[in-house]
Amino acid sequence: LKIRDALGLINLRPPHPSARVRQLAACHSIEDLENLARRKLPRSVLDYVGGGADGEWSLSNNTTAIQKWSFTPRVLTDVSRTSTATEILGQPAAAPLGFAPTGYTRMISPLGEPAVAAAAARAGIPYVLSTMATTSLEDLAEGGDPNADRWFQLYIWRDRQLTRRLIDRAQASGYRVLEIAVDTAVSGLRLRDARNGFTIPPQLTLSSVLDIGTKPGYWTGMLRSPTMEFANVSSADALDGGYTIENITKQFDPSVGWSDLEEIRAQWNGKLVLKGPIGPADARRAKELGVDALHLSNHGGRQLDRAIAPIDLVRPVREAVGDSVGVLVDSGFRHGADIATAIALGADAAFVGRPYLWGLVAGGHDGLDMTARLLIDGLRRTMQLLGVATVEELRRRGPELLSHQSQ
Ligand SMILES: Cc1cc2nc3c(=O)[nH]c(=O)nc-3n(C[C@H](O)[C@H](O)[C@H](O)COP(=O)(O)O)c2cc1C
């Protein structure tokens with residue numbers, strides 16, 4: 001065989017002129033997106049996104065706990081028309097998946113929350129805007145897809161006027177679901193942020209100036225974009241002493257109790273969700289007070305360290321509250337098989353935080369689309385290989401499909 005003949009057999013495709021497109025095309029998993037994102041972010045921002053509280057036990061255990069479940073598939077079932085379509089709290093969704101609330105998104109990419117909301121709407125899944133967003137809830141609602149499923153996550157502030165105002169504003173802007181974070185009575189100690197002297201937005205210290213040389217794309221994007229602010233709570237409203245995480249979370253009220261929940265239930269007309277590492281007894285109490293769903297979460301390992309992995313709360317909480325209350329879960333979900341595990345245990349949907357932030361950093365709008373696609377395609381493939389055709393069937397047959405390593 002002559003070299004010329006051999007070359008004729010090789011299908012040579014010219015590389016795409018854009019490095020961003022080439023890099024993204026080489027990503028085939030959430031881990032690939034994370035590795036790409038890690039090359040683009042300065043150390044302190046990377047630590048802020050990727051890090052967890054204290055010894056990061058919760059952080060590393062979240063995914064490990066999901067992977068302790070294994071599947072026994074059903075074979076020879078017709079899965080030619082498998083669909084991931086479902087309903088989340090009464091609203092149709094393309095898959096049992098959502099983008100969880102993450103604060104300060106414009107610090108991670110100048111595209112910020114509007115890009116994440118738009119990608120969620122394109123994918124047909126909900127996005128939860130954080131109280132600590134860098135886009136106001138009004139701007140997001142007005143500028144976004146009118147058909148988007150809009151959720152708002154509320155932190156309860158010491159200043160209850162501010163808290164009540166936020167609820168009214170969410171109602172006036174047409175948000176369908178209000179999620180109250182109940183895992184943030186005080187801030188978790190994120191050692192990486194403390195050691196980095198991390199502030200929001202990151203300040204140009206000597207080490208970050210040195211960093212500009214290695215991550216020029218990040219810093220030029222940041223320096224060119226308008227000054228970042230907490231668009232839902234102005235600094236006059238809530239903050240003094242600077243934008244360190246500690247200062248901000250000092251404004252959250254550690255005295256919050258069940259009576260506050262009753263007040264919020266009376267004020268909010270839409271669906272109400274509690275977000276945190278909620279056990280069966282608290283879940284039952286929440287149900288009695290008219291909560292529509294429990295979003296089981298340990299904040300991606302950023303709050304209570306050594307917290308139970310939320311995947312292990314799904315079954316006991318579902319058993320405690322029955323079918324009339326929604327069960328959502330996040331923390332550590334990185335693959336469609338992880339989502340399938342949650343559904344098979346009785347959840348209505350799984351949410352992700354860091355995976356879409358990695359997608360956003362790795363490839364902007366395209367990277368966000370890729371995050372949703374990887375997770376939804378992965379779920380569909382897992383369902384087909386499991387021998388189930390619908391999300392409802394996956395949930396119903398869960399007990400026969402799943403076994404735990406400890407069993
Ligand atoms: C950078 C970052 C910021 C976050 N900010 C918030 C927030 O403002 N409010 C909130 O309720 N949860 C927040 N979370 C927690 C997420 O909503 C979600 O529970 C968590 O990311 C899920 O874990 P995962 O990152 O492993 O998917 C944040 C998470 C990250 C990674």
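Residues numbered from 1 in each chain as written. Predicted model: local features only at pLDDT ≥ 70, side-chain atom pairs only at ≥ 80, totals over all residues. Heavy atoms only, no water.

## Some remarks on the site of the ligand
Inference 1: With respect to spatial proximity, 23 residues lie near the ligand, and among them P101, S130, D330, R334 and G353 are the closest.
Inference 2: The backbone of G353 places a nitrogen or oxygen atom 2.9 Å from an oxygen atom of the ligand.
Inference 3: Bound to the protein, the ligand loses 98% of the 600 Å² it would expose on its own.
Inference 4: Of all the elements in the fold, those that place two or more residues in the shell around the ligand are α4 (43–50) and α19 (354–386).
Inference 5: Grouping the amino acids of the shell around the ligand by side-chain chemistry returns eight nonpolar, 10 polar and five charged. (Near = heavy atom within 4 Å. Polar contact = N/O pair within 3.5 Å; in protein donor to acceptor, adjacent residues only side chain to side chain. Areas by Shrake-Rupley, 256 points an atom, 1.4 Å probe, with all protein chains shown as cover. Helix = DSSP H or I, 4+ residues; strand = E, 2+ residues; numbered from the N terminus. Nonpolar A, V, L, I, M, F, W, Y, C, P; charged D, E, K, R; others polar.)

## Regarding the side chain of R334
Inference 1: With respect to the helices and strands, R334 occurs in the loop between β10 (326–329) and α18 (336–344).
Inference 2: Although R334 is buried, it makes no salt bridge; E34 carries the closest opposite charge, 5.2 Å away.
Inference 3: Those residues within four positions of R334 in sequence are excluded, and the remaining contacts are I30, E31, T63, R354, P355 and L375. (Buried < 20%, exposed > 50% of the residue type's maximum accessible area, 1.4 Å probe, protein only. Lys, Arg positive; Asp, Glu negative; His and termini not counted. Salt bridge = Lys/Arg side-chain N within 4 Å of Asp/Glu carboxyl O. Contact = heavy atoms within 4.5 Å.)

## Side note on the pattern of salt bridges
Inference 1: Taken as a whole and assessed by the stated rule, the structure comprises 19 salt bridges.
Inference 2: Between E138 and R169 there is a salt bridge, with the nearest N and O atoms lying 2.7 Å from each other. Of this pair, E138 sits in helix α8 (residues 137–143) while R169 sits in helix α9 (residues 160–172), and the two are 31 residues apart along the sequence.
Inference 3: Residue classification places R169 among the partly exposed residues on the basis of a relative accessible area of 23%.
Inference 4: Of the charged contacts in the structure, one is a salt bridge between D348 and R395, with a shortest N-O distance of 3.8 Å. You can see D348 sitting in the loop between α18 and β11 (349–352) and its partner R395 sitting in helix α20 (residues 391–396), a full 47 residues away along the chain.
Inference 5: Residue classification places D348 among the buried positions, given a relative accessible area of 16%.
Inference 6: By relative accessible area, which is 24% here, R395 ends up partly exposed.
Inference 7: When salt bridges that share partners are traced, they join R43, D47, E56 and R192 into one network.

## Quick word on the layout of surface pockets
Inference 1: Here the largest pocket is characterised by a volume of approximately 450 Å³.
Inference 2: A181, V182, D183, V256 and G257 are, among the 23 residues lining the largest pocket, the residues nearest its centre.
Inference 3: Considering every element that reaches the lining of the largest pocket, the biggest residue donor is helix α15 (residues 258–267), with four residues.
Inference 4: Grouping the constituent residues of the lining of the largest pocket by class yields 15 nonpolar, four polar and four charged.
Inference 5: Here the second largest pocket defines a volume of roughly 300 Å³.
Inference 6: As for the second largest pocket, its lining consists of 16 residues, and the residues nearest its centre are K40, P110, G217, Y218 and V361.
Inference 7: Looking at the lining of the second largest pocket, the elements with two or more residues in it are α3 (30–40), α12 (216–224) and α19.
Inference 8: Sort the elements by how many residues they give to the lining of the second largest pocket and α12 lands first, with five residues.
Inference 9: Taken together, the residues that form the lining of the second largest pocket break down as eight nonpolar, five polar and three charged. (1 Å grid on protein atoms, 1.4 Å probe; cavity = no way out; pocket = protein on both sides within 12 Å on 5 of 7 lines; lining within 4 Å. Points joined across faces, edges and corners; volume = space filled by probe spheres on them.)

## Things to note about the packing of α3 against α19
Inference 1: α19 packs onto α3 with a crossing angle of 175 degrees between their chain directions and a minimal axis gap of 10 Å. The angle between α3 and α19 places the two elements in the roughly antiparallel class. Residues I30, L33, E34, L36, A37, R38 and K40 of α3 form the contact with α19, whose participating residues are P355, W358, G359, V361, A362, G367, M370, T371, L374 and L375.
Inference 2: Considering only residue class, the contact of α3 with α19 consists of 11 nonpolar, three polar and three charged. (Axes fitted to C-alpha atoms, helices over the stretch in contact; angles between N-to-C directions. Parallel < 35°, antiparallel > 145°, perpendicular 65-115°, else oblique.)

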